[in-house]
Amino acid sequence: MSNKLSTWMWATDNGVHGLDFDPQENILRWYDSIGCACGDTTAQQTPTQYRQKGIPGGILFVPDDILAELDALLPAPNTTP
């Protein structure tokens, strides 16, 4: 896993959504508007929360290619009982 911030933006019917993953903080930040760089996140999740609950409310659509990249980038789920 890289220690670099990974970011994505994609068009929706109502504008632009965004997502970043900060591996040093182990957090996903979801954005529901073009102001993604302004710090106005819609939701934050850990990778574990994302794997358990999925995409947070307020984010209506994420393209399959972005979801595939995200799943490949995130640390593997803890398999310890």
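Everything discussed here concerns the structure shown above.
Every value quoted in this text rests on a predicted model; they were computed, and no experiment measured them.

S.K.: How should I be thinking about the nonpolar core in this particular structure?
M.R.: Proteins that are soluble and globular tend to have nonpolar side chains buried together. Within the largest apolar cluster, 15 residues are counted, with the highest numbers of intra-cluster contacts made by Trp8, Trp10, Leu28, Trp30 and Leu70. Counting residues per element, the ones that place at least two in this core are β1 (6–12), β2 (15–22), β3 (27–31) and α2 (64–73). Top element by residues in this core is α2. It accounts for four residues. Setting aside residues up to four positions removed in sequence, leucine 70 forms contacts with Trp8, Leu19, Leu28, Trp30 and Tyr50.

S.K.: Could you clarify how one ought to interpret the pairing of β2 in this entry?
M.R.: Consecutive side chains of a regular strand alternate in pointing toward one face of the sheet and then the other. Of all the eight residues making up β2, six are buried; the element is thus mostly covered by neighbouring parts of the structure. Relative to β2, β1 runs antiparallel, the two being bridged by seven bridges. Looking at the pairing, alanine 11 lines up with valine 16 of β2. Linking β1 to β2, which pair antiparallel, is a turn of two residues. The pairing of β2 with β3 spans five bridges and is classified as antiparallel. By the bridge assignment for β3, aspartate 22 is matched with isoleucine 27. With antiparallel pairing between neighbouring strands as the criterion, β2 and β3 make up a hairpin whose turn holds four residues, including asparagine 26 at a positive phi of roughly 55 degrees.

Criteria and thresholds
- Residues numbered from 1 in each chain as written.
- Predicted model: local features only at pLDDT ≥ 70, side-chain atom pairs only at ≥ 80, totals over all residues.
- Heavy atoms only, no water.
- Core = buried A, V, L, I, M, F, W, Y, C linked by side-chain atoms within 4.5 Å.
- Buried < 20%, exposed > 50% of the residue type's maximum accessible area, 1.4 Å probe, protein only.
- Helix = DSSP H or I, 4+ residues; strand = E, 2+ residues; numbered from the N terminus.
- Contact = heavy atoms within 4.5 Å.
- Pairing = 2+ DSSP bridges.

Shape descriptors only; they carry no functional weight alone.
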